[in-house]
Each structure stands twice: as structure tokens, then as C-alpha cells.
Amino acid sequence: MAYALKILFIVIALFIIYKLVFAGRRGSRTLFEMKFKQGRLVSHYGKIPEKFARECRNLAKSSKLTCVIRAEQVSDKVQLHVSANAGDQHIQRLQALFPQQYYTQNAQ
């Protein structure tokens, strides 16, 4: 009896952990991510639009940015996320540079 309760407790705990970890990822998928440190691109993955990548590198280099830029597709929209340590001015600039029409044209 005690053995069955231990197994039941472990199963419930694993289920709760699974729900906590994966609850926010419902329906979203990361298209690309770029990580900058002191203005240098340290890592990236995914398919990044060429012009946007070039503009991001130029902005990061001139401002010595340390941040993460990520594009996620949530249902039928693509959202750009920039880490808060980039500063409001740079976040707005990156949002303006982001080619939203590139993803709406390719989706159709």
C-alpha cells in the first residue's frame, strides 16, 4: 500500500512539473533567436531575414547592446521579443526594423 502511494505521489509531482514548464509554450514556436553581448553577435539560430540581421548587428555594434532578440510564431501572428535590458529606445527601433510583411506574405 505504501509503495503504491509513493508511485502515485511521484506521478502527480511529475505531471505538475510538466504543466508548469510547458504551460506557456502552447501554440508558439521560435522562428529565430539572436544573442548579443557588448555589441557582438555571440550566437544565433533559425532563419533570420538578411536585411533585419544586418540592421540588428549595426545597431548592436553602435550601441554596445547586450540583449536577446527572438521571433515567435503564435497562432497566425509573428511576434518579436527583445530582452528588457536593451532599453526602450532600442526595443522600439528593433520593432520598427522588424519585417512583419515578410512573414505575412510567406504565410499565404
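Residues numbered from 1 in each chain as written. Predicted model: local features only at pLDDT ≥ 70, side-chain atom pairs only at ≥ 80, totals over all residues. Heavy atoms only, no water.

## So, the pairing of strand β4 (residues 77-82)
Burial of β4 is one-sided: the residues V78, L80 and V82 facing one way are buried, the residues K77, Q79 and H81 facing the other way are not. Bridge count between strand β3 (residues 67-74) and β4: six bridges; the pairing is antiparallel. Note on β4: the bridge partner recorded for R70 is H81. Hairpin connection between β3 and β4: a loop of two residues separates the two successive antiparallel strands, and S75 in this loop has a positive phi of roughly 50°. (Buried < 20%, exposed > 50% of the residue type's maximum accessible area, 1.4 Å probe, protein only. Helix = DSSP H or I, 4+ residues; strand = E, 2+ residues; numbered from the N terminus. Pairing = 2+ DSSP bridges.)

## A short note on the packing of helix α2 (residues 50-63) against helix α3 (residues 88-97)
Packed helices, taken two at a time, are described by their axes: the angle between them and the distance between them. Viewed as axis vectors pointing N to C, α2 and α3 meet at an angle of 165°, and their least axial separation amounts to 10 Å. Taken together, the axes of α2 and α3 are roughly antiparallel relative to one another. α3 is crossed by α2, and the crossing has right-handed handedness. Side by side, α2 and α3 meet where F52, E55, C56, L59 and S63 of the first sit next to H90, R93, L94 and L97 of the second. The residue makeup of the contact of α2 with α3, split by class, is five nonpolar, two polar and two charged. (Axes fitted to C-alpha atoms, helices over the stretch in contact; angles between N-to-C directions. Parallel < 35°, antiparallel > 145°, perpendicular 65-115°, else oblique. Left-handed = near helix turned anticlockwise from the far one by under 90°. Contact = heavy atoms within 4.5 Å. Nonpolar A, V, L, I, M, F, W, Y, C, P; charged D, E, K, R; others polar.)

## A look at unusual backbone geometry
Not every positive phi belongs to a glycine, and Q38 is a case in point at roughly 50°. Among the structural elements, Q38 can be located in the loop between β1 (28-37) and β2 (40-46).

## Thoughts on the nonpolar core
If you look at the biggest cluster of nonpolar residues, it comprises 22 residues, and the most contacted ones within it are F32, F52, I69, L80 and F98. Those elements that provide at least two residues to this core are β1, α2, β3, β4 and α3. In terms of residue count, α2 provides more of this core than any other element does, five residues in total. Once residues lying within four places of it in the same chain are set aside, the contact partners of F52 are F32, M34, I69, L80, L94, L97, F98 and P99. (Core = buried A, V, L, I, M, F, W, Y, C linked by side-chain atoms within 4.5 Å.)

## What to know about the pattern of salt bridges
Tallying each qualifying case throughout the model produces two salt bridges. E33 is the salt-bridge partner of K35, the closest N and O atoms lying 3.7 Å from each other. Of the charged contacts, one joins E33 and R70 as a salt bridge, the two residues approaching to 2.8 Å between their closest N and O atoms. With E33 in strand β1 and R70 in strand β3, this residue pair connects regions lying 37 residues apart in the sequence. Overlapping salt bridges bring together E33, K35 and R70 as one network. (Salt bridge = Lys/Arg side-chain N within 4 Å of Asp/Glu carboxyl O.)

Purely spatial values, then, with no claim about function.
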